[in-house]
Amino acid sequence: KLIKLQPVSSGINAEYGGLMVSCSKDRTIAVWTMGNSPQSIVMKHALVGHRAAVNVVDFDKKYIVSASGDRTIKVWGTESCEFVRTLSGHTRGIACLQYHGNLVVSGSSDCTIKLWDVEVGVILRSLEGHDELVRCIRFDAHRIVSGAYDGRIKVWDLKAALDPRCSLNSICVRTISEHKGRVFRLQFDEFQIVSSSHDDTIVIFDFLSPHDYYSDFKCLHGGSPALISECSGLSRLDSANSLDSLDSTC
């Protein structure tokens, strides 16, 4: 049974500790309490402050972090739902981010990736290398992996990126150029990267292969790009048709 959640019209959701947070083209973020059944899902707060569509949200027990086509990232208290600070530095709309610990990594239509200290709101590093909008970003303790509308996936050394003594040339450790269209979504673990593209293919890159082994699989959605989302350790496939509207907010 499907339950329509109002007032958010569309968005990207994440769930943590009995909460779900969604974001929308209507410029709001909604915080929902999750009960034991779909009927018990209740909106706790609506967070208002962005001046354009909110494209992505991530959160933990301390902060909710949202990014928008208005070029800003906003930080909110998870428990209080009160505004904390704005992170400003991108020159065009922000398409993606991930937040973990004290670190936020964001990708933008300005073709850059920025690393932020969420506690003080400063930019730790700005990474350049993509030629078009950076559409997807993920990181772990060792790597940042980014995918962009230029069709390329880049792997960055996270520790080097956080070291101001390291040059940009030493931070980008690999560029994957197998896709022939825009990269929409990716996930990775210590063994492989799985990415999907507007070229209707899924590419799997094996970190452990000495020959940079790739495997291509035709998208199962017949002409629409696949969306790869985290599930059971690595990924699942969903429709990505709704992503095309991102361009108008960046």
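In case you missed it, the structure is sitting above this.
Report follows, based on the coordinates. Every value quoted in this text rests on a predicted model; they were computed, and no experiment measured them.

### So, the overall build of the protein chain
From N to C terminus, the protein chain includes two helices and 22 strands. Relative to its 250 residues, the protein chain shows a buried fraction of 50%. Considering only contacts in the protein chain between residues 6 or more positions apart, those separated by 24 or more positions represent 38%. Accessible area for the protein chain stands at about 11,900 Å²; split by element, carbon and sulfur atoms hold 49% of it.

### Concerning the packing of aromatic side chains
Following the criterion strictly, the structure yields two aromatic pairs and no others. Between W76 and F83, the aromatic rings sit 5.6 Å apart at their centres with planes inclined by 75°, giving edge-to-face as the arrangement. Residue F83 is classed as partly exposed on the basis of its relative accessible area, which comes to 44%.

### As for the sheet that holds strand 7 (residues 72-77)
Spatially, four strands are ordered 5-6-7-8 in an open sheet, and the strand pairing comes out antiparallel. Two strands bound the open sheet, and with one partner strand each, they are strand 5 (54-59) and strand 8 (83-88). Sheet twist, expressed as the average angle between the axes of neighbouring strands with direction ignored, equals 20°. Of the strand pairs in this sheet, strand 7 and strand 8 are connected by five bridges, and their pairing is antiparallel. Directly across from I73, in strand 8, lies its bridge partner L87.

### Considerations on the side chain of D60
For D60, the position within the fold is in the loop between strand 5 and strand 6 (63-68). Within the buried core, D60 has no salt-bridge partner, and the shortest N-O distance to an opposite charge, that of K62, equals 8.0 Å. Among the polar contacts made by the side chain of D60, one reaches the side chain of Y99 at a distance of 2.9 Å.

### So, the sheet that holds strand 9 (residues 94-100)
Strand order in the open sheet made by the four strands is 9-10-11-12, with antiparallel pairing throughout. Both edges of this open sheet fall to strand 9 and strand 12 (122-128), since each of them pairs with a single strand only. This sheet shows a mean twist of 20° between the axes of neighbouring strands, independent of strand direction. Of the pairings in the sheet, the one linking strand 11 (residues 112-117) to strand 12 comprises six bridges and is antiparallel in character. In the sheet register, W116 faces strand 12, and the bridge partner there is I123.

Criteria and thresholds
- Residues numbered from 1 in each chain as written.
- Predicted model: local features only at pLDDT ≥ 70, side-chain atom pairs only at ≥ 80, totals over all residues.
- Heavy atoms only, no water.
- Helix = DSSP H or I, 4+ residues; strand = E, 2+ residues; numbered from the N terminus.
- Buried < 20%, exposed > 50% of the residue type's maximum accessible area, 1.4 Å probe, protein only.
- Contact = heavy atoms within 4.5 Å.
- Areas by Shrake-Rupley, 256 points an atom, 1.4 Å probe, with all protein chains shown as cover.
- Phe/Tyr/Trp six-rings, centres within 6.5 Å; stacked < 30°, edge-to-face > 60°.
- Pairing = 2+ DSSP bridges.
- Axes fitted to C-alpha atoms, helices over the stretch in contact; angles between N-to-C directions.
- Lys, Arg positive; Asp, Glu negative; His and termini not counted.
- Salt bridge = Lys/Arg side-chain N within 4 Å of Asp/Glu carboxyl O.
- Polar contact = N/O pair within 3.5 Å; in protein donor to acceptor, adjacent residues only side chain to side chain.

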